[in-house]
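The lines below spell out each chain.
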Amino acid sequence: MSEHRTHLVTLLQMIWRFLFLLIFPAARGFLTALSGGNVAEWLDGAWKDILIIAAILLLAFLQWWCLRYRWESVGLSIRRGVLFRQRMFIPAAKIITMSLTRPFYLKPVGGVRLRVDTWAGAGNSTDISLILPKKAAESIFSKRENALSDLDFAPREYHPKGLYVTCLAAILSSSFAGVLFFATFISQTGSLLGQEFADRITGTFERLTRAIAWGIPPATVAVAYLIIFGWLYSFIRNLIRHKNFVVRRRKNELYIDSGIITNRSYSIRLDEINYIDIRQSLVTKLLGLHSVFVNAVGYGKEKDDISAMIPANPWERLQRHLHFLLPEFAASPRQVKPNGGAIFRFILDPLLPTLSIPVAGSVLAMLFPSWADFTYSIVWMAMLPCLWFLAVRLLDFFSSGIGRQGDMFTLRYSSRGQLHIVVLPRERISQIVLRQSPIQAFDRRCDVLLYSMSEKKTRHHIRNLDIAQVMEIFDCNETSVIPFTGDQKPMISLTEYLHPFPNYLRQWNPFWKKR
């Protein structure tokens, strides 16, 4: 098969790489003005600036002209470089995720961004990213899908309801992203249209918050409305991103497509999925809704990517959809769980700020009476995330633990204000750390830190479990701490250490090994 060149839009990317050369015309103009020269003197040397601009265009064109690709059944080959030539070949069997992104600004010129990710690439960047003509990109994507499909396996397709997609958008929305957007917008508006225009925007917002304060301190109202508007902005973005969500399962492929303004399509090798993550926030826990996310190399890597597989669903419905799409990843019930006396271990972290913030607020109100109303309003706002965190930890206490069914493990824990049910295969576990404090040593309890294979370091933390039960569920004994896997190779490396203080970690000989 012959080699092909990328889309002409790639020329703009190449030009961007050489824009730093414009510093020379800018420096020449600055030095001319500094030395008292006039426009005529500057025009006398304008040919130098024209040469630099021509060099930028020529270098960009040569880079684009020498960039060629070829897709065959065995893999993707890329050739690039003008003076120093580089050839790259990625075997088709090693490609874990291939994706097509159709941004709205490339649609008029028929451009599509093709991304390829493997285990060999960096965790924070795409292995290969090419802008190709739409027909060529979709042809490569289709050939990959056909290679992963089987005529004897009937494809399974899932179209979630619009209500569930809306719930997913609400779950993924963050006020911080929206607040950051509005802050950047006002700052850039001041830079482009003048500081006076930016001051008008902020002044209008200030007058609006004073008008609708209803007796609440205006500063508190401003913060509250900024958070609300930020969340609404993030919600609208997520809703647009996940609109027209569809999942299709083939023999060894999981296909996911979504988006209306920017369309995204993903093709994931089924045998390279690291784990699935069933998540719940406090609100979705009260509503009885769960969402399923997939962890695989290249999926959900970039900022605007999607990482969900099944939007918000009730548990029974979610189990049916999960069995329909990925029957290999079946969640098992808890077999190891914390004891009843471990509740303090779960609520200690959120309980301390929950109790200390009101006390600190009362002291400040007594010291500064004129600021009492504002102080109490700030205390209430600070109490909300603390109470949220406390509620999540309480739910974590009643639901956390480890289950196992064959070579599939189910981990239940909380992290970053959400409840997680992680289902991962045995071969995706890279290390297990048993962490035991001096207090936990008395009743043979420990925290389990399980590290799974992924592009980035991924840790799953399950609190206060019985050591003997943990050893048993991971096929280990208390005398040798060696996995019992028969003739198979060792499943994991197991590490134990005592953790009495945050900065003090050392290898520890467990008390049951002492003679």
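Novice: Break down the sheet that holds strand 16 (residues 408-415) for me, with residues and values.
Specialist: Pairing between the strands of a sheet is mediated by backbone hydrogen bonds and can be parallel or antiparallel. Sheet architecture is open: six strands sit in the order 14-13-12-17-16-15, paired in antiparallel fashion. Because the sheet does not close on itself, it has two edges, and the strands there are strand 14 (308-314) and strand 15 (401-405). Across the sheet, the axes of successive neighbouring strands diverge by a mean angle of 20°, strand direction being ignored. With five bridges joining them, strand 12 (residues 275-280) and strand 13 (residues 289-295) adopt antiparallel strand pairing. Following the sheet pairing, Tyr275 is matched in strand 13 by Asn295. Strands strand 13, strand 14 and strand 17 (418-425) of the sheet are contacted by helix 6 (residues 162-172), whose axis makes an angle of about 105° with strand 14. On the sheet, helix 11 (residues 315-325) packs against strand 12, strand 13, strand 14 and strand 17 and is oriented at approximately 150° with respect to strand 14.

Novice: An account of helix 11 is needed here, citing residue identities and associated values.
Specialist: Those residues of helix 11 that sit buried are Leu318, His321, Leu322 and Leu325. With its buried residues spanning 100° around the axis, helix 11 presents them on a single face. Away from the buried face of helix 11 by more than 90 degrees, exposed residues Glu316, Arg320 and His323 are located. In the core, the buried residues of helix 11 are packed alongside strand 8 (156-158), strand 9 (246-249), strand 12, strand 13 and strand 14.

Novice: Would you mind going over the nonpolar core in detail, with residue names and values included?
Specialist: If you look at the biggest cluster of nonpolar residues, it comprises 28 residues, and the most contacted ones within it are Leu254, Ile256 and Met309. Mapped by element, the contributors of at least two residues to this core are strand 10 (253-258), strand 11 (263-269), strand 12, strand 13, strand 14, helix 11 and strand 17. Once residues within four sequence positions are removed from consideration, Met309 is found in contact with Tyr158, Phe245, Val247, Leu254, Ile256, Val292, Phe293, Val294, Leu322 and Leu326. Formed by 24 residues, the second largest nonpolar core is a distinct cluster that contains Trp71, Leu76, Ile78 and Ile90.

Novice: Could you give an account of the environment of Tyr299, naming the residues involved and the relevant values?
Specialist: Its location among the elements puts Tyr299 in the loop between strand 13 and strand 14. Tyr299 sits 201 residues away from Met98 along the chain, and the two C-alpha atoms are 8.8 Å apart. Those residues in contact with Tyr299 that lie beyond four places of it in its chain are Thr97, Ile256, Tyr266, Ile268, Val294, Ile306, Ser307 and Ala308. From its side chain, Tyr299 meets the backbone oxygen of Ala308 in a polar contact 2.6 Å long.

Novice: Got a sec to walk through the pattern of salt bridges? Specific residues and values, please.
Specialist: A full pass over the atoms with the stated rule returns 22 salt bridges. A salt bridge links Glu3 to Arg79, with the nearest nitrogen and oxygen atoms 2.6 Å apart. Of the two residues, Glu3 sits in the segment before strand 1 (4-5) while Arg79 sits in strand 3 (residues 75-80), which places them 76 residues apart along the sequence. Glu3 sits in the partly exposed class, given a relative accessible area of 27%. Given a relative accessible area of 14%, Arg79 falls into the buried group. As a salt-bridge pair, Glu72 and Arg70 come within 3.7 Å of each other at their nearest N and O atoms. Residue Glu72 is classed as partly exposed on the basis of its relative accessible area of 26%.

Novice: Outline the pairing of strand 20 (residues 458-466), supporting the account with residue identities and numerical values.
Specialist: With eight of nine residues buried, strand 20 is to be regarded as a mostly interior element. Pairing between strand 19 (residues 445-452) and strand 20: seven bridges, direction antiparallel. Residue pairing for strand 20: Arg445 is matched across the bridge by Asp466. Hairpin geometry of strand 19 and strand 20 is characterised by an intervening segment of five residues between the two adjacent antiparallel strands.

About the cut-offs
For every chain, the first residue of the written sequence is number 1, and numbering continues from 1 along that sequence. A pLDDT threshold of at least 70 governs which residues receive local features in this predicted model, and a stricter bar of 80 or more applies before side-chain atom pairs are shown or counted, although totals over entire chains, interfaces and linings include all residues. To get the side-chain values, take all heavy atoms of the structure and skip hydrogens and water. One bridge is not enough; two strands pair if DSSP finds at least two bridges between them. A helix here means a DSSP run of H or I that spans at least four residues, while a strand means a run of E at least two residues long, and both kinds are numbered starting from the N terminus. To get an axis, a line is fitted to the C-alpha atoms, and for a helix only the part in contact is used. The angle between two axes follows their N-to-C directions and goes from 0 to 180 degrees. Throughout, a residue-residue contact means that at least one pair of heavy atoms, one from each residue, lies within 4.5 Å. Per-residue accessibility, obtained with a 1.4 Å probe over protein chains only, is compared with the maximum for each type, and a residue is labelled buried under 20%, exposed over 50%, and partly exposed between these values. Directions drawn from the helix axis to the C-beta atoms are what define this arc. Residues belong to a common nonpolar core when they are buried Ala, Val, Leu, Ile, Met, Phe, Trp, Tyr or Cys residues joined through side-chain atoms within 4.5 Å. For this analysis, a polar contact is any N or O atom pair within 3.5 Å, provided that within protein one partner can donate a hydrogen and the other can accept it, and provided that sequence-adjacent residues contribute only side-chain to side-chain pairs. Here, a salt bridge means any side-chain nitrogen of Lys or Arg that lies within 4 Å of a carboxyl oxygen of Asp or Glu.

All we've got here are geometric facts, nothing functional implied.
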